[in-house]
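Here are the chains, one letter per residue:
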Amino acid sequence: MRPPVPVPTLSRRAKLGLGALAVLLVLFTVIGALTNVYVDYLWFDETGYTEVFWTELQSRALLFAVAGVATGGLTALAIYLAYRHRPTFRPMSLEQQNLERYRQSLEPRAGLVLTAVAVVLGLFAGFTAQSSWETWLTFRNSTDFGQTDPQFGLDLSFFVFEYPFYRLVLGFGFAIVILALIGSLLTHYVFGGLRLQTPGQKLTAAARVQISVLLGFFVALKAIAYWLDRYGLVYSNRGEVFTGASYTDVNALLVPKTILVFVAAVCAIAFFANIVFRNLLLPAAALVLLLATSLVIGVAYPAIVQQFVVRPSANEREAPYIERAIEMTRQAYGLDDEHVEYVNYATGTTTEGDEEAVDPEVALAELRNDTETIPNARLLDPNVLSETYTALQQIRNWYGFPERLDVDRYTVDGELRDYVVAVRELNSAGLSENQSTWINRHTVYTHGHGFVAAPANEVVGGSEGGRPNFTTGDLPVEGDIPVEQSRIYYGELIDDYSVVGAPEGTAPRESDLPEGGSDERQINNTYDGEGGVSVGSFFRQLTFAIYYRERNFLLSSAVNEESKVLYVRDPRQRVEKAAPFLEVDGDPYPAVIDGRVVWILDGYTTSDSYPYSEQMELGEAATDALTGTGTTALPNETFNYIRNSVKATVDAYDGTVTLYEWDTEDPVLKTYMKAFPGIVEPKEEVSEELESHLRYPEDLFKVQREILTRYHVDDPIAFYEGSDRWQIPQDPTQDVEEDQPPYYILAQRPGDPEATFQLTSALNAFRRPNLSAFVSASSAPETYGQIQVLQLPGNTPFLGPTQVQNSFGANQDIRRDLTLFDSENSDAVLGNLLTLPIGDAGLLYVQPLYVESTAESGFPLLQRVLVNFGGQIGYANTLAEALNQVFGEGVGEIAVDSEATEPQPEDEGDEEQPDPTPTPAEPTPGPPPAGGPDVEADLDQAVSDINAALEALRDAQRNGDFAGQGQALEQLDAAVAAYRAAQAAAAGSGD
């Protein structure tokens, strides 16, 4: 028999090599981590938020150390005590003989094993605990709410700030005791203190004492848990349709929880007493008592009360607790009586409470007297026109606009108007292949340029065909909104870093402005703003070379002693980094303040521990048809309290982040301001010009309207029964089953003296398409945050958005044109369906219809306006004409676009005027031609003329030839008119 081959051992050189490799791996890991932290610190230092950096770092380090030392240290201590008090002599049973080899392996390495256990458990616990740094900071800096909860009489700060921390500590306490107990049991078993299969005594005295003490601590912690469970009843879901302590919780569980506290305390004393009495019967009896008591009075009794006392008459039994839930939920979401006004909207009925339809005379009088809402009716949809802005205002391929534009308002020549606005940002994705070198991407194409605005209630009419009327735009920026600094170094599309700056006298490198002329030369620029982190020293250059893994920081001449690196350039990311305790609204928007472009953002303070308030998922609540499922910017975290407590700005040129206290009564913000002193400016620092551009935030409004669908009800029985529940309508303009987004409009609310900028939404009856309410939140400085809810009479079926959209689709003229527009050569694009309250007359629906050529360079142009009021439909080239169709001639004069309407040429008979829009190459025919060869020839010629006009229009759009577009549209008008005339002649001959 051949001897076994010995296992080869590593040579000394191989061991040194492997050791060196391990050291290098650890070194590179440490260097990478330290580099990340240092670059992070440089960003905070540049922006002036080092207080946030150090406070968060210290809080994380403190929790890491405390949790790590406590968990690893106490567990290791328990194992050490078990090992130290191991029996010297053990009965040599088969069980002990089998364990002997493990003892022989562990004893020489006891210290190493103990240290490894302590380190591993400590690191795991530390990393887990450090993520709860906000819980610690809010506990430490707790601010009173000044309001007590209705059940325990405690200030709400106990539940919001203190209770979560107590739960956190209790959780770690249980984890430590369980780990220590497991470690002790294993150690005693391996070293003979615990003998499961050996005859005679099963536990040594030392093992019995240690296990009794650990079980005593566990049961003592359970007593504390029962005590905290009493307060946790304010988050109970036993009531099913509401959140908070229910009838059963208060009357059948609160007292049993208190009893269980004392039973658990007695049980813990029994375990501790076992140290002296050395009798397992006492703690065993106490443990059985605890289990039996918890099952009988903690589980069975509440279930019996719920089943046989509450459910047979739940609407009455739960009524007082539903009232609590309604009141506290409204407060938690900012929907109490101080912030919300409910209005019974009469909608032009002839007498109060009349169930008949809208009085046409009342409606007509309201419309003729309206000088605020209809003139400001928005015809430009910011969610549709990104391609139009790009086609008409992009200017260079490295510039771009976001997919969703923004709506803001400006006072120009003493008149307040809303505008669809955007900034011409740097779009790295638009760079061509030869423009994408490191030098070009990071040192030449560094910024966007310009601010673009078009009045939201008008388009350029006539031959230019429904494009926005850009009153501010071009390069250099010109228009009625003066912009002094229009360079955009920080924006939503900028997702890469730039290296800027150069010594004085050096030729500018950054591409800036087109000089004009046939050669299209560029005027370059050198950044001189305050933003960016200096990389003038070799150490900084090495740091960023490691951070970005880019050697050009060390080799390129573009990086010099005056260079700066601009990074974290998205406005939302900058605010989130500067204020990690805030949730930031998903829609930053640009505004011109004191001649500079700044991004304005809304910051929310949230909590998931507000008593009696309904829980929601933040990301889910902020999702609608435009954001798409799962694509909202907000995290999908559970919360039940929210405040728009901070307004933030980010300067688009130098990146300066400024946080302003907005909700001065929010205890959560006050708590964080204690934790991070000096980083939030007082509300008084908000300038009048900035305040005039602040909007009611969209994501908060989505959350609030969701809450309003149920919590607008005052009667607890009606709330329980759900008889007056509302629902957010689906967006009828999209092909997805998602909520209709809210819309910003400039309109006059019922009871207000003038038009204000507001965020609005329609609400349907639950699982019904009929309209039940119209909600608007004011953004005007004088009435900011006031929410008005127009409640429609429940006995009259007012059309909801989906019904209105269906009525448009069923209209013969609209359906015919949609068939023409939606073809091989063009697409019909439905704009936002706006709901506008007209005094007490009723609700007017207005929807723009755009047509977009399917050519590569095509973009949407406004071609029609759809109107619905009381079931009557208007459909025309302009809002003015559509209003005239619904209400009679003369009403449309109040619409702004009535002034831009060109006189239509006289046509034979009463035929409809042609539409200047792209139409398909093969229009959908009407009745078959029955007028003989002449009619057929006219139809063929009209189709040929339409195709020729479309080809000319595509060529003009591709070349940016506006004059050519106008001529092509005129040709298209005539061709479509001829086609319709031929269709009518064919139909007439057929009759």
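Residues numbered from 1 in each chain as written. Predicted model: local features only at pLDDT ≥ 70, side-chain atom pairs only at ≥ 80, totals over all residues. Heavy atoms only, no water.

Participant: Sorry if this is basic, but what is going on with the overall build of the protein chain here?
Facilitator: If you tally the helices and strands in the protein chain, you get 27 helices and 35 strands. By residue count, 53% of the 991 residues in the protein chain fall in the buried class. Sequence separation of at least 24 residues holds for 69% of the intrachain contacts in the protein chain that already meet a minimum separation of 6. (Helix = DSSP H or I, 4+ residues; strand = E, 2+ residues; numbered from the N terminus. Buried < 20%, exposed > 50% of the residue type's maximum accessible area, 1.4 Å probe, protein only. Contact = heavy atoms within 4.5 Å.)

Participant: Quick question: what am I supposed to make of the packing of aromatic side chains here?
Facilitator: The relative placement of two aromatic rings is captured by the distance of their centres and the angle of their planes. Scanning the model with the defined rule gives 54 aromatic pairs in all. Considering the side-chain rings of Phe44 and Phe53, the 5.6 Å spacing of their centres and the 50 degrees angle between planes classify their relative orientation as tilted. You'll find Phe44 and Phe53 in the same group, each marked buried. Between Tyr389 and Phe470, the ring centres sit 4.9 Å apart and the planes meet at 80 degrees, which makes this aromatic pair edge-to-face. (Phe/Tyr/Trp six-rings, centres within 6.5 Å; stacked < 30°, edge-to-face > 60°.)

Participant: Looking at this structure, how should I read the packing of helix α5 (residues 133–140) against helix α19 (residues 667–675)?
Facilitator: If you want to describe how two helices pack, look at the angle between their axes and the distance between the axes. The contact between α5 and α19 brings their axes to 9 Å, and the two run at 95 degrees. Regarding the angle of α5 to α19, the classification is roughly perpendicular. On α19, the residues touching Glu134, Leu137 and Thr138 of α5 are Thr671, Tyr672 and Ala675. Along the lines of polarity and charge, the residues of the contact of α5 with α19 split into three nonpolar, two polar and one charged. (Axes fitted to C-alpha atoms, helices over the stretch in contact; angles between N-to-C directions. Parallel < 35°, antiparallel > 145°, perpendicular 65-115°, else oblique. Nonpolar A, V, L, I, M, F, W, Y, C, P; charged D, E, K, R; others polar.)

Participant: What is the right way to look at helix α24 (residues 812–821) in this model?
Facilitator: A turn of α-helix holds 3.6 residues, and therefore any two residues three or four places apart point the same way. Those residues of α24 that fall on the buried side of the exposure criterion are Ile814, Asp817, Leu820 and Phe821. The arc that holds every buried residue of α24, seen down its axis, measures 125 degrees, which confines them to one face. Residue Asn811 occupies the N-cap position of α24, its side-chain oxygen lying 3.0 Å from the main-chain nitrogen of Asp813. (Arc of directions from axis to C-beta. Polar contact = N/O pair within 3.5 Å; in protein donor to acceptor, adjacent residues only side chain to side chain.)

Participant: Would you explain the nonpolar core in this entry?
Facilitator: Proteins that are soluble and globular tend to have nonpolar side chains buried together. Within the largest apolar cluster, 153 residues are counted, with the highest numbers of intra-cluster contacts made by Phe451 and Leu659. Of all the elements, helix α6 (residues 156–190) adds the most residues to this core, at 11 residues. Listed in part, the 44 residues of the second largest apolar core include Ile374, Leu380, Ala747 and Val867. (Core = buried A, V, L, I, M, F, W, Y, C linked by side-chain atoms within 4.5 Å.)

Participant: Sorry if this is basic, but what is going on with the environment of Gln872 here?
Facilitator: Structurally, the position occupied by Gln872 is in strand β35 (residues 872–876). Contacts of Gln872, omitting those with residues within four sequence positions, involve Val867 and Val886.

Participant: Sorry, what's going on with the side chain of Asp731 here?
Facilitator: On the secondary structure map, Asp731 appears in the loop between β26 (726–727) and β27 (743–747). Within the buried set, Asp731 has no salt-bridge partner at all; the shortest N-O distance to an opposite charge, 8.9 Å, is to Arg705. A polar side-chain atom of Asp731 sits 2.8 Å from a polar atom in the side chain of Thr733. Excluding residues that lie within four positions of it along the chain, Asp731 makes contacts with Ala625, Val736, Glu738, Asp739, Gln740, Pro741 and Tyr743. (Lys, Arg positive; Asp, Glu negative; His and termini not counted. Salt bridge = Lys/Arg side-chain N within 4 Å of Asp/Glu carboxyl O.)

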